[in-house]
Amino acid sequence: MRKKIVAGNWKMNKNLQDGVELAKTVNRQVEDNNVIVILCTPFIHLSEVSNVITKDNLFLGAQNCASEASGAFTGEVSVDMIGSTGAEYVIIGHSERRSYYNEDDATLNKKVKLALSADLTPIFCCGEVLAEREAGKHMKVVKDQIDKGLFDLSPDNFSKVVIAYEPVWAIGTGVTATSGQAQEMHKAIREMIAEKYGNQVAEGISILYGGSCKPSNAAELFANPDVDGGLIGGASLSAADFMGIVNAF
Ligand code: PGA
């Protein structure tokens, strides 16, 4: 059975005190079941939020990591530093990193490998922009991102990765991909993985949907056979909305 995962991506929201409060509320409300819940907080929150977590199925993640292991890289945060806070996940290749900070496939591939070397689970994001979907290129764009970002990993390492499909036109816009659009892409991603790594690996990879996921549409999205959970932005900033999504499983 694949892992069911709901990860909250707080992005650049919540100061430390507000973040710790939100984490406490989520920690209190997370039920002891088979849904893995992850809080991806700003770097400076990680260590304190780590101390708040008491539930076995609640985990901590970062939203990014440096593309180098250590050294003279002012302002960067390494995978080792992230792991030392108690975090076990790291989002890599979010569309905001790709577009605002020019992170290309080669850089993201380096980050994925560094994360794995530090025993962090990469949540690798992919997704097309609206113009690419309208031009009918969305499948190719997403396949290219996965191919260049992940497909030189060994089967063993690849099996540790979580993939998040996030159509860029759905992120923070209130426009959600239809259940059919999500399933179509997730199935294509799984088929692509099966071709490269075999059925067994493909069946074990959790593929999350992200982009305006909310309590009102989560259940329908998660009901798809190839949608194994969600990466949640805006709705993860409210414990009620976030838990509404977690409980949609
Ligand atoms: P959203 O963001 O839920 O606010 O659309 C999702 C994401 O960027 O991960």
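Check the entry above for the structure.
Worth saying up front: this structure is predicted, and the values here are computed from it rather than measured.

Visitor: So what's going on with the packing of helix α5 (residues 105–117) against helix α7 (residues 138–150)? Residues and values would help.
Guide: What describes two packed helices is the angle between their axes and the distance between those same axes. It is at 7 Å that the axes of α5 and α7 come closest, and there the two elements cross at 50°. Here α5 lies oblique to α7, going by the angle between them. Here the hand of the crossing between α5 and α7 comes out right-handed. Two secondary-structure elements touch here, α5 through Asp-105, Asn-109 and Val-112 and α7 through Gln-145, Lys-148, Gly-149 and Leu-150. Taken together, the residues of the contact of α5 with α7 break down into two nonpolar, three polar and two charged.

Visitor: Would you mind going over the pattern of salt bridges in detail, with residue names and values included?
Guide: Applying the stated criterion across every chain yields a total of 14 salt bridges. One salt bridge connects Lys-24 with Glu-21, and the closest N-O pair in it is separated by 3.7 Å. Within this pair, Lys-24 and its partner Glu-21 are both found in helix α1 (residues 16–29), separated by three residues, close to a single helical turn. Looking at Glu-21, the relative accessible area reads 43%, which means it is partly exposed. Between Lys-113 and Asp-152 there is a salt bridge, with its nearest N and O atoms 2.6 Å apart. On the criterion of sequence distance, the pair formed by Lys-113 in helix α5 and Asp-152 in the loop between α7 and α8 (155–158) is long-range, its members being 39 residues apart. Judged by relative accessible area, Asp-152 falls into the partly exposed class, the value being 46%. Taken together, the salt bridges that share partners define one network made up of Arg-2, Arg-190, Glu-203, Asp-226 and Asp-228.

Visitor: Before we move on, can you summarise the site of the ligand with the specific residues and values?
Guide: Lys-11, His-94, Glu-166, Gly-172 and Ser-212 are the nearest of the 13 residues found near the ligand. In the model, an oxygen atom of the ligand is placed 2.9 Å from a nitrogen or oxygen of the Gly-233 main chain. Computed on the free molecule, the ligand has an accessible area of 280 Å², of which 95% lies beneath the protein chains in the complex.

Visitor: Explain the packing of aromatic side chains to me, using residue names and the numbers behind them.
Guide: Under the criterion given, the structure shown has five aromatic pairs. Ring geometry for Phe-151 versus Phe-158: centroids 5.7 Å apart, planes at 70°, classification edge-to-face. Measuring from ring centre to ring centre gives 4.3 Å for Phe-158 and Tyr-197, while their planes differ by 15°; the resulting arrangement is stacked. Taken together, the residues Phe-158 in helix α8 and Tyr-197 in helix α9 (residues 179–197) connect sequence positions 39 residues apart. Accessibility classification places Phe-158 together with Tyr-197 in one group, the buried group. Through pairs of rings, three or more aromatic residues link up here, namely Phe-151, Phe-158 and Tyr-197. Here the basic side chain of Arg-97 rests over the ring of Tyr-101, its NZ or CZ set 4.1 Å away from the ring centre.

Visitor: Can you lay out the sheet that holds strand β7 (residues 207–210) for me, pointing to particular residues and giving the numbers?
Guide: Here we have eight strands rolled up into a closed barrel, ordered β1-β2-β3-β4-β5-β6-β7-β8, and parallel in their pairing. With direction set aside, neighbouring strand axes in the sheet form an average angle of 25°. Of the pairings in the sheet, the one linking β7 to strand β8 (residues 229–232) comprises two bridges and is parallel in character. Residue pairing across strands places Gly-210 opposite Leu-231, the latter belonging to β8.

Visitor: An account of unusual backbone geometry is requested, with residue identities and associated values reported.
Guide: Excluding glycine, residues mostly have negative phi values, and the peptide bonds linking residues are mostly trans. In this structure, Asn-102 takes a positive phi of about 50° despite not being glycine. Of note, Asn-102 is situated in the loop between α4 (95–100) and α5. Phi angles above zero are rare outside glycine, and Ser-212 is one such case at about 55°.

Definitions and cut-offs
- Residues numbered from 1 in each chain as written.
- Predicted model: local features only at pLDDT ≥ 70, side-chain atom pairs only at ≥ 80, totals over all residues.
- Heavy atoms only, no water.
- Axes fitted to C-alpha atoms, helices over the stretch in contact; angles between N-to-C directions.
- Helix = DSSP H or I, 4+ residues; strand = E, 2+ residues; numbered from the N terminus.
- Parallel < 35°, antiparallel > 145°, perpendicular 65-115°, else oblique.
- Left-handed = near helix turned anticlockwise from the far one by under 90°.
- Contact = heavy atoms within 4.5 Å.
- Nonpolar A, V, L, I, M, F, W, Y, C, P; charged D, E, K, R; others polar.
- Salt bridge = Lys/Arg side-chain N within 4 Å of Asp/Glu carboxyl O.
- Buried < 20%, exposed > 50% of the residue type's maximum accessible area, 1.4 Å probe, protein only.
- Near = heavy atom within 4 Å.
- Polar contact = N/O pair within 3.5 Å; in protein donor to acceptor, adjacent residues only side chain to side chain.
- Areas by Shrake-Rupley, 256 points an atom, 1.4 Å probe, with all protein chains shown as cover.
- Phe/Tyr/Trp six-rings, centres within 6.5 Å; stacked < 30°, edge-to-face > 60°.
- Lys NZ or Arg CZ within 6 Å of the ring centre and 35° of its normal.
- Pairing = 2+ DSSP bridges.

Interpretation note: all reported values are geometric properties and have no functional meaning in isolation.
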